[in-house]
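Residues per chain, in single letters:
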Amino acid sequence: MKVVKSQVGRKTLHLKNEQGRGLTITLREYRPGDEEGMIACIRDEYGDTYFKRGFYEPSYIKEESDSGHITFLVAQTKAGEIAGMLILKEFSPKEDMCEIASQIFRKKYRGYGLAMPFFEYAMDILLNRNYSAAYCLPVLFHDVTQRLLYRLGMHATGFILNVFDIEHITHSYHNGKNTKHSQGIQIRPAGKRDAGMIYLPREHREFCMRIYSGLGVKFNIEQENTNNTDELLQNSMDIKYDLPPVTLLHFRQDELQQSLEISIYLVGEDLVMRIDELHKKHPLKGRQTACIFLNCNDKNAVWAYRMLEKAGYFFTGLKPLCSKKEYMVLHNPGEMEIYFEDYVVSEEFKRLLNYVAKEYKNFKARKADGSLQTEKEGGIK
């Protein structure tokens, strides 16, 4: 999708904190010379541990802005200091959505209610372009972003678990017992209003239908052949439909965070072998974890899901409307424990979290009874 960029002008805000102290802020797009002030915002919150390492380099910020890949936005005080920053990131040509991310304020400018108008400003810019959807991956150690973006029409659709190792990231919030940070997925439909035909495991159909219905978009769920017994129904769901010989996928391993991300675009006969190879290359030991985005417009998605279940993955939601393909999200925690009770989530996310926590409980039960097939046993069968 070609992104047409239109200009939204700067916006001036007059704010007050609880003590009645006033603050005048101008929201605008980045311009050369803002880099040091933006980096100061990042250092104030994260020190030298922010995972987007390039954001510490003024040349990187300028290059990304010039390329159009990232739109940097700043909140500037009347005195000229950069009080906060935010980015709009696009993924063309791979995906068509725009991510709202990296809203970071200097600590001395918190408490003025700046977050919501900054998000509104960013959303106005985003919706004036032709993206498929607005997309955000809010952290789960506080719920501020989740709640504010919900007010802007963004809905919870799932989770990407165990992405960032807390040993390498510091921030102002409490981590709880989880030792890797997780992210939510929030979506607001924009240019894409039809998800097409979706192939889903029968146990997740109702959940996924609620997600798509809540987004207010068109979708069709493949109607599998229903039979009188659970066994026959299971068999009908596990059929392979003319599998191509080769699976089309892309993977990315973050060595620092010990996090593997796999996107499966087309399910092929060699899926099991390809996943086994990735597990051998990046063993799920210690703090290493993996996430899969599985194309559920693919008619073989259900068969693939069953194979991935055997490999230790469980369902964590949807990543919808972000490209021509729709995705189920799956997670393999390896040896990591997940403490769902320690995540800080909004009411909307809480309903999803309860569902995913049950999936994790089922995963642990399968692991305990030996029904998961590991590399030691010779891979997935």
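You'll find the structure just up there.
Now for a look at the structure at hand. (Residues numbered from 1 in each chain as written. Predicted model: local features only at pLDDT ≥ 70, side-chain atom pairs only at ≥ 80, totals over all residues. Heavy atoms only, no water.)

1. Describing the packing of aromatic side chains
Operational definition: Centre distance within 6.5 Å is the pairing criterion for rings of Phe, Tyr and Trp, where only the six-membered ring of Trp is used; planes under 30 degrees apart are then read as stacked, over 60 as edge-to-face, and the remainder as tilted. Segments assigned H or I by DSSP are reported as helices when at least four residues long, segments assigned E as strands when at least two residues long, and all are numbered from the N terminus. Throughout this description, buried means an accessible area under 20% of the type-specific maximum (1.4 Å probe, protein chains only), exposed means over 50%, and partly exposed covers the range between.
For the structure shown, the criterion picks out 19 aromatic pairs. Between Phe207 and Tyr355, the ring centres sit 4.1 Å apart and the planes meet at 20 degrees, which makes this aromatic pair stacked. One end of the pair, Phe207, is in helix H5 (residues 205-215); the other, Tyr355, is in helix H9 (residues 347-368), and 148 residues separate them in sequence. Note on accessibility: Phe207 and Tyr355 belong to one class, buried.

2. Some details on the pairing of strand S8 (residues 180-189)
Rule in force here: The pairing criterion for strands is at least two bridges between them, as found by DSSP.
Burial analysis of S8 places nine of its ten residues in the buried class, which makes it a mostly covered element. Two strands pair when backbone bridges link them, and strand S6 (residues 133-136) and S8 are joined in this way by four bridges, in the antiparallel orientation. When the sheet's bridge partners are listed, Ala134 is paired in S8 with Arg188. Where strand S7 (residues 155-165) and S8 come together, seven bridges link them in antiparallel fashion. Across the sheet, the residue bridging to Gly158 is Ile185, located in S8.

3. Digging into the packing of helix H3 (residues 115-127) against helix H4 (residues 144-151)
Applicable threshold: The axes used here are C-alpha line fits, helices contributing only the stretch in contact, and every angle between their N-to-C directions lies in the interval 0 to 180 degrees. Orientation is classified from the angle alone, with under 35 degrees giving roughly parallel, over 145 giving roughly antiparallel, 65 to 115 giving roughly perpendicular, and any other angle giving oblique. Handedness of each helix crossing follows the sense of rotation of the near helix against the far helix: counterclockwise by less than a right angle gives left-handed, clockwise gives right-handed. Here, two residues are considered to be in contact whenever any of their heavy atoms come within 4.5 Å of each other. Polar here means any residue outside two lists: the nonpolar Ala, Val, Leu, Ile, Met, Phe, Trp, Tyr, Cys and Pro, and the charged Asp, Glu, Lys and Arg; Gly therefore counts as polar.
Following both chains from N to C, one finds H3 and H4 inclined at 50 degrees, their axes separated by 10 Å at the closest point. Here H3 is positioned oblique relative to H4, judged by the angle of their axes. Once H3 is placed against H4, the crossing between them reads as right-handed. When H3 is examined against H4, the residues Ala115, Met116 and Phe119 are found in contact with a partner set consisting of Thr145, Leu148, Leu149 and Arg151. Here the residues of the contact of H3 with H4 are counted per class, giving five nonpolar, one polar and one charged.

From the geometry alone we can't say anything about function, so treat these as descriptive.
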